[in-house]
Amino acid sequence: MAEKVVTRFAPSPTGYLHVGGARTALFCWLWARRTGGTFILRIEDTDQKRNTPTAAEQVMADLRWLGIDWDEGPQVGGPGGPYLQSERTDIYDKYVRRLLDEEKAYYCFETPEELGALRKEAEAQKRGFVYPRPEHFPTAEDAEKARARGRAVTVRFAVPQDEPIVVQDLVRGEIAFAPDDIGDFIIQKSDGFPTYNFACVVDDYLMKVTHIIRGQEHLNNTPGQQALWRVLFADGPLPKYAHMSVTVSDAGGKLSKRERPKALLAAIKAMPDIDTNKLAEVGGLTVEQLQAFIGGKATPDMPSIDAMANSLGVQLPEINIVDFFRSGYLPETMVNFLALLGWNPGDDREIMPVDELIQSFDLSRLTKANSLFDRQKLIAFNTEHIRMLPKQKLLGHLRDYLEVIASPVVAADDELLSRIIDLCEGARTLADIERKCRFIFMGSDRIEYDDKAVKKVLLKGDGLDTLQSVRDELAAMEEFSEDKIENMLRSLAEQRSVGLGKVAQPLRVAICGTTVSLPIFDSLSLLGREETLERIATTLQRFRV
RNA sequence: GGCCCCAUCGUCUAGGCAGGUCUAGGACACCGGGUUUUCAACCCGGCAACAGGGGUUCGAAUCCCCUUGGGGCUACCA
């Protein structure tokens, strides 16, 4: 490895970091870390219409949560800065100027409508559309005049037509493109901003990027970018390309952020009588906006989608990295799982800490075929990472999680939380842990009884009777410890010649409202005798006829 | 429509580049059993794949071609 590796992740800040982007970032990062190279974060915010001011911050926060740090980029600086493309327009202008002067690029004046018509025509003739290059390039004066007439002016790169463009891809090998299939693409938009295909070439060169690792969706852009690089930077060796397979969704097609609104919409439509006024309010929308959403005409932003889903109790598929955080997944899990989406170490290892991932990572082992994002396997990975992670780290993650979901369990101190973790062996997500212990922190007046649980264990059979006996025994106990509670419950079950479950379940529902909680003996001792007795009394009163 | 990529169990994949050791290995899921105070977890066992057709070769999951299927791109988005 003679040359120092430089990789970059170049997201456009349009919202949260989603799994696809996170995987790209991870691969770039892993390769840089593996080789002792440099990992750059560059924000591609050249689309004035789509940028939201906080999106870049959000993306960076999400990367940090995953443990992906950058050596150069926003917040840390570096020799190739600035790292926001919107702050580099003078650089791009310079190169556009040069290309124009050398007649390797030219002005165009078509409107989007006119271009659209041309495209349609090409398709009707079963041809691929390529922009028809004019015989004589318009002059600078022509451009001025057009501008003065209010015409939109763009600049196109004249793709050299002399020979096939051959891309050497680290994953797919040699891929040849016919130059006349590529067509002169726009490098500068009418608002003066560069297009992605232009800015990324200039920046990759200036930032000395050696390896471009990105999704396969960029494969078709590559010949054009490569041609541009050759014309612009004849002195610089081409970067190496590695196009990763696409991650597809179980819903079919590329995993997309649109899946969340789609899932919510489907859920709303499945609900016969829904209070649109209330729902609109929850989502911070006007009723008209909500109707537009339901009618498929508009899509509200993510926080709004989340809020509505939450109030309806609908579980949306996780797509963004924060979604996984909120569902109780560990960053260690995500990193491990994402790494295995399109890469593997070549042996049977699957569950790996990040250090091992870095050690094992190699671009030569990227997979060619698309892979499906398997949520069940993700859960299995999370279970394993929860088990493996050092206690202190897990505790930290749990605390972050509790804060973000605003759980009442945040009230617990570290010692208590640590004990709870011990009692949750086998938990699949942090949400499992939270769900099992939240009853302790709820306050007896706020217990919500789960209908199904109540029917099944209290109302059916002699659940209430059993509960009454349990209560009497508990009240009579001298010492309220786990051991004593266990002895008592076991002998009670024996007396009644039933399994422990028959005794424990009514009790569980009485103190938590559900059939799922920490082990029953610990649940009781954690709650304390007084609170336990009170909850049982409340339950008996409420459900006894 | 055009261009490009891909193809091993339901899913992720190992093996393919250097054909025989592959009656195809692992993991998740699933099914059966065990353990059990709930949910999980855990233990044991099982089911399950080289898309189809042609070549090349003594021999093909592995190399070549075609078909079929899946995916991506086709913007003054990135």
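Residues numbered from 1 in each chain as written. Chains lettered and ligands numbered in written order. Predicted model: local features only at pLDDT ≥ 70, side-chain atom pairs only at ≥ 80, totals over all residues. Heavy atoms only, no water.

Trainee: Explain the sheet that holds strand β7 (residues 186-188) here, please?
Mentor: Strand pairs in the sheet, formed through backbone hydrogen bonds, run parallel or antiparallel to each other. The strand order across the open sheet formed by three strands is β3-β4-β7, and the pairing between neighbours is antiparallel. With one partner strand each, in any of the chains shown, β3 (105-108) and β7 form the two edges of the open sheet. Neighbouring strand axes in the sheet, compared pairwise and without regard to direction, differ in orientation by 45 degrees on average. (Pairing = 2+ DSSP bridges. Helix = DSSP H or I, 4+ residues; strand = E, 2+ residues; numbered from the N terminus. Axes fitted to C-alpha atoms, helices over the stretch in contact; angles between N-to-C directions.)

Trainee: What is the right way to look at the pattern of salt bridges in this model?
Mentor: A side chain with one charge may pair with a side chain of the opposite charge, provided their charged atoms come close. Inspection of the entire model under this criterion finds 29 salt bridges. Note that Asp203 and Arg88 form a salt bridge whose closest N and O atoms lie 2.8 Å from each other. Note that Asp203 is positioned in helix α7 (residues 196-206) and Arg88 in the loop between α2 (55-66) and α3 (89-101), a separation of 115 residues in sequence. In terms of burial, Asp203 and Arg88 fall into one category: buried. Each of Arg8, Arg42, Glu44, Arg88, Asp203 and Asp204 takes part in salt bridges that share partners, so that together they form one network. (Salt bridge = Lys/Arg side-chain N within 4 Å of Asp/Glu carboxyl O. Buried < 20%, exposed > 50% of the residue type's maximum accessible area, 1.4 Å probe, protein only.)

Trainee: Quick question: what am I supposed to make of empty space enclosed by the protein here?
Mentor: Any space left empty among the atoms is revealed by the rolling of a water-sized probe across them. Tallied over the entire structure, the rule returns one cavity of 30 Å³ or more. Roughly 30 Å³ of internal volume is contained in the largest cavity. Together, Trp65, Phe325, Tyr329, Leu330, Pro331, His397, Asp400 and Leu430 line the largest cavity. A per-class count over the lining of the largest cavity returns six nonpolar, one polar and one charged. (1 Å grid on protein atoms, 1.4 Å probe; cavity = no way out; pocket = protein on both sides within 12 Å on 5 of 7 lines; lining within 4 Å. Points joined across faces, edges and corners; volume = space filled by probe spheres on them. Nonpolar A, V, L, I, M, F, W, Y, C, P; charged D, E, K, R; others polar.)

Trainee: Hey, could you run me through the packing of α3 against α7 in this one?
Mentor: In helix packing, the relevant descriptors are the interaxial angle and the interaxial distance, both defined with respect to the helix axes. Axis separation between α3 and α7 bottoms out at 10 Å; the angle between their running directions is 105 degrees. Relative to α7, the element α3 lies roughly perpendicular. The segment α3 lies against α7, with Ile91, Tyr92, Tyr95, Val96 and Leu99 engaging Phe198, Ala199, Val202, Asp203 and Leu206. Considered class by class, the residues forming the contact of α3 with α7 number nine nonpolar, no polar and one charged. (Parallel < 35°, antiparallel > 145°, perpendicular 65-115°, else oblique. Contact = heavy atoms within 4.5 Å.)

Trainee: Looking at this structure, how should I read the layout of surface pockets?
Mentor: If you add up the space inside the largest pocket, you get close to 1,600 Å³. As for the largest pocket, its lining consists of 50 residues, of which Ser12, Thr14, His18, Arg50 and Lys257 are closest to the centre. Listed by contribution, the elements that provide at least two residues to the lining of the largest pocket are β1 (6-9), α1 (19-35), α2, β8 (211-215) and α12 (302-312). It is α1 that contributes the most residues to the lining of the largest pocket, five residues altogether. Looking at the lining of the largest pocket, its residues break down into 17 nonpolar, 20 polar and 13 charged. Asn310, Gln315, Arg326, Tyr401 and Arg438 are the residues nearest the centre of the second largest pocket, which is lined by 38 residues in total. Contributing elements (two or more residues each) for the lining of the second largest pocket: α12, α13 (321-326), α16 (375-388), α17 (391-404) and α19 (430-437).

Trainee: Can you walk me through the side chain of Thr210 in this structure?
Mentor: Examined against the element boundaries, Thr210 turns out to sit in the loop between α7 and β8. With relative accessibility at 8%, the residue Thr210 sits in the buried group. Here Thr210 is in contact with Glu3, Lys4, Val5, Val6, Pro239 and Lys240, once residues within four sequence places are set aside.

Trainee: Quick question: what am I supposed to make of the protein's contact with RNA strand B here?
Mentor: Neighbouring RNA strand B are 67 residues; Arg119, Arg172, Lys189, Glu350 and Lys436 lie closest to it. In RNA strand B, the atoms that sit within 4 Å of the protein are 73% sugar and phosphate, with bases accounting for the remainder. Separating a phosphate oxygen of RNA strand B from a backbone N or O atom of Tyr196 is a distance of 3.0 Å. A distance of 3.2 Å is found between a phosphate oxygen of RNA strand B and a backbone nitrogen or oxygen belonging to Leu372. Broken down by secondary-structure element, the contributors of at least two residues to the surface near RNA strand B are α4 (112-124), β6 (173-177), β11 (371-372), α16, α23 (500-512) and α24 (520-527). Partitioned by chemical class, the residues of the surface near RNA strand B number 18 nonpolar, 24 polar and 25 charged. (Near = heavy atom within 4 Å. Polar contact = N/O pair within 3.5 Å; in protein donor to acceptor, adjacent residues only side chain to side chain.)

Trainee: Just checking my understanding: could you explain the packing of helix α14 (residues 331-339) against α16 for this structure?
Mentor: The interhelical angle for the contact between α14 and α16, taken along N-to-C directions, is 130 degrees, at an axis separation of 9 Å. Classed by the angle they form, the pair α14 and α16 counts as oblique. Once α14 is placed against α16, the crossing between them reads as right-handed. Along its contact with α14, which presents Glu332, Thr333, Met334, Asn336 and Phe337, the element α16 presents Lys377, Leu378, Phe381, Asn382 and His385. Here the contact of α14 with α16 is composed, by residue class, of four nonpolar, four polar and two charged. (Left-handed = near helix turned anticlockwise from the far one by under 90°.)

Trainee: Quick question: what am I supposed to make of the confidence of the model for chain A here?
Mentor: For residues with low pLDDT, the predicted coordinates do not support detailed interpretation. Per-residue pLDDT for chain A averages 92, and the proportion of residues at 70 or more is 99%. Predicted complex metrics record ipTM = 0.95 and pTM = 0.94. (pLDDT = per-residue confidence, 0-100.)

Trainee: Before we go on, may I ask you to explain α24 in this structure?
Mentor: Since the α-helix advances by 3.6 residues per turn, residues separated by three or four positions end up pointing in the same direction. Burial analysis of α24 places eight of its eight residues in the buried class, the great majority of the element. All of the buried residues in α24 are Ile520, Phe521, Asp522, Ser523, Leu524, Ser525, Leu526 and Leu527. In this structure, the buried residues of α24 make contact with α18 (414-423), α21 (463-476), α22 (482-495), α23 and α25 (529-543). Backbone geometry just downstream of α24 places Gly528 in the positive-phi region, at approximately 95 degrees.

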